[in-house]
Structures are given as structure tokens and as C-alpha cells.
Amino acid sequence: MLLAGDIGGTKTHLALYTAERGPRDPVVDAVFPSRDFPNPESIIQQFLLNRDECVTRVTLGVAGPVEGEDATVTNLPWIIRAGRLRELLQVDQVDLLNDLEAAAYAVPFLLPDETHLLNDARPRPHAPIGVIAPGTGLGQAYLTWNGARYEAHASEGGHTDFGPTNPLEMDLLRYMSRRLDHVSYEWVCSGRGIPNLYAYLKDTGIAAEPPWLAQQLQAASDPTPLIVTAALNHATQPCELALATVQLFVSILGAQAGNLALTLVATGGIY
């Protein structure tokens, strides 16, 4: 009985799996708001409460760097210790790995209906593969072929220096540099980065903020879902500011995906 988890800055997703049912059919799974709990141990205890299954192994993907048996969640004040989890859950094997490293391991096993093709190019067999994922932060990882199978590797590429590619983004860098000591891609290309793009476009007068959205944002604990929803609903309730924010976000994400492809010579694909 495997307890698998994705420990993120916004949400924590836990599930129980068996070898018989396989990776696409969990025995049970649940999602928890990470910030509602003091630590990941309390989330795991809540998940297992009143359950009869006997967990024999634990594997957790953590949104942050992993060193040895300790993992630090980048956007929460959490340190996860494998030894503490072994003691708490009374299991022999607890594995911690970076969340994007975990996601990368899944790429070779994706089925055709689990992908959507953006560029019609043929991946080269056994070539390097890049993985990029904007969540609360900006995760990046990659895969290399070891002669028998793909191996996944963690990366902190989301924290590299933001490199603007046009005048709009150059002004964004100047705007952000007045507020931060280091402007990384994560500050402009992630869940927590979207409000920065929104504020930049609003404060510089590139687009106006509609009163209805201003009212919603003032009452929200997390502005990102509201901004994205407003952009997606542009046809029925136009909001040029939200639309421009998401367009800028997508442009920056595309550029960084291209940087990743060049850095790795990722002719196996970018996911």
C-alpha cells in the first residue's frame, strides 16, 4: 500500500495506491489546502483518519529542494523530514523528491490521450526531455536516458534571472527591480507571479482595472484565480487588464520553455 503525495505551496494532494490497481486507479485520494494546516504531517494524519489500509511505503513530491532526507517547501515555512514520517507512520521506507522530479518520472508513461500537442515535431528516441510547470512557483526538471530507462533530475531553473524579450517585458523588469533584490522567472511566471504582472500593467496605465474586478480582488485572499477567470471570461465580461495579464504570462512561459529546450538540447520534447 503506497501513500503518494504532492506537497505544494497552495494545495497538498494525497492518494493510496496498490500494485494491483496501478497508478491510474487510486484506492482513495483527496486534496487539502496546504495553508490550512501547520505542517504536512497533520495533513497526512487527517487523510488517514478512520481508514483501515495499512501503509507500507511513502513517496512524497515536494515543491522545493530536497537534500538527503529533508525537504523544504519553498512557499511555506515547512521542513519535511523522512525520519520523522517513518516514525509517525511506522513504515520502513519514506522517499522524498522534488515535485517536478516526480512529475518528470511520469512523462515516459503518459498515454496519447493524456497529452496535447502544441508543435508538430517528432521527438528523438532516448533524447533529453524537459519539464516546466507553473504552479504556486515555477518548477522545472529534466530527463536523461541511462541506457535502459529515463532518469529524472530536479532543477531550480525557475529561480534563474528573468530575461525580457521585448520592450513591454523590459519595463516589467525595471518595475520589478524597484521592488525586489532579485527578479527571477518565478516572480513573473507562476501563480504568485500573475498578481505582479497584473499590478505592473495596472500601475503603468497599460490597461484599466474595471470596478467589479477591483471589488472582487479586494475581498480575495488569493487574487490569481480571479485574474485568470476574468481573462477566460473576456467574451462575456470584457476585462482588458486581466486578458493582457494572462497574455503576458503565456509569452514569458513560452520564452522560458524555449530557454529550457536550448539548455538541454531537449529533442525528446518539452512537457
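Residues numbered from 1 in each chain as written. Predicted model: local features only at pLDDT ≥ 70, side-chain atom pairs only at ≥ 80, totals over all residues. Heavy atoms only, no water.

Focus on the sheet that holds strand E6 (residues 70–72)
Next up, step 1: The strand order E5-E6-E7 describes an open sheet built from three strands, whose pairing is antiparallel. Taken across any chain shown, the strands that pair with only one partner, and hence form the sheet edges, are strand E5 (66–67) and strand E7 (79–81).
Next up, step 2: Taken together, the three bridges between E6 and E7 define a ladder with antiparallel strand orientation. Bridge pairing links Ala-71 to Ile-80 in E7. (Pairing = 2+ DSSP bridges. Helix = DSSP H or I, 4+ residues; strand = E, 2+ residues; numbered from the N terminus.)

Section: the sheet that holds strand E11 (residues 150–155)
Next up, step 1: If you walk across this open sheet you meet the three strands as E9-E10-E11, and the pairing is antiparallel. Of all the strands in the sheet, the pair left with one neighbour each is strand E9 (129–134) and E11. Averaged over neighbouring strand pairs, the angle between their axes works out to 20° when direction is ignored.
Next up, step 2: Across six bridges, the pairing between E9 and strand E10 (residues 138–145) is antiparallel. Residue Pro-134 lies in a different strand from E10, and its bridge partner there is Leu-138.
Next up, step 3: Taken strand by strand, helix H8 (residues 240–264) contacts E9 and E10, and its axis lies near 155° from that of E9. (Axes fitted to C-alpha atoms, helices over the stretch in contact; angles between N-to-C directions. Contact = heavy atoms within 4.5 Å.)

Quick notes on the packing of helix H1 (residues 40–48) against helix H2 (residues 82–89)
Next up, step 1: Taken N-terminus to C-terminus, the directions of H1 and H2 make an angle of 30°; their axes are 11 Å apart at the nearest point. Taken together, the axis directions place H1 and H2 in an arrangement best described as roughly parallel. Considering how the two elements wind past one another, H1 and H2 form a crossing that is right-handed. Contacts from Glu-41, Ile-44, Gln-45 and Leu-48 of H1 reach H2 at Arg-84, Leu-85, Leu-88 and Leu-89.
Next up, step 2: Here the contact of H1 with H2 is built from residues that sort into five nonpolar, one polar and two charged. (Parallel < 35°, antiparallel > 145°, perpendicular 65-115°, else oblique. Left-handed = near helix turned anticlockwise from the far one by under 90°. Nonpolar A, V, L, I, M, F, W, Y, C, P; charged D, E, K, R; others polar.)

A word on the packing of helix H5 (residues 194–203) against helix H7 (residues 224–232)
Next up, step 1: Contact geometry for H5 and H7: axes closest at 9 Å, N-to-C directions at 65°. Judged by the twist between their axes, the crossing of H5 over H7 is left-handed. Between H5, through Ile-194, Pro-195 and Tyr-198, and H7, the contact on the second element is made entirely by Thr-224, Ile-227 and Val-228.
Next up, step 2: A breakdown of the residues in the contact of H5 with H7 according to their chemical character gives five nonpolar, one polar and no charged.

Here we look at the nonpolar core
Next up, step 1: Counting 34 residues, the largest nonpolar core has Leu-172 and Ile-252 as the members making the most contacts within it.
Next up, step 2: Put simply, the parts of the chain that give this core at least two residues each are helix H4 (167–177), H5, helix H6 (211–219), H7 and H8.
Next up, step 3: Looking at which element gives the most residues to this core, the answer is H8, with eleven residues.
Next up, step 4: What Ile-252 contacts, discounting residues up to four positions off in sequence, is Phe-162, Glu-169, Leu-172, Tyr-185, Val-188, Cys-189 and Leu-197.
Next up, step 5: Residues Leu-16, Ile-43, Val-58 and Leu-76 belong to the second largest nonpolar core, which totals 25 residues. (Core = buried A, V, L, I, M, F, W, Y, C linked by side-chain atoms within 4.5 Å. Buried < 20%, exposed > 50% of the residue type's maximum accessible area, 1.4 Å probe, protein only.)

So, the environment of Ile-194
Next up, step 1: Inspection of the secondary structure assignment puts Ile-194 in helix H5.
Next up, step 2: According to the relative accessible area criterion, Ile-194 is buried, its value standing at 6%.
Next up, step 3: C-alpha separation for the pair Ile-194 and Thr-245, spaced 51 residues apart in sequence, amounts to 7.1 Å.
Next up, step 4: Those residues in contact with Ile-194 that sit more than four places away from it in its chain are Thr-224, Ile-227, Val-228, Thr-245 and Phe-249.

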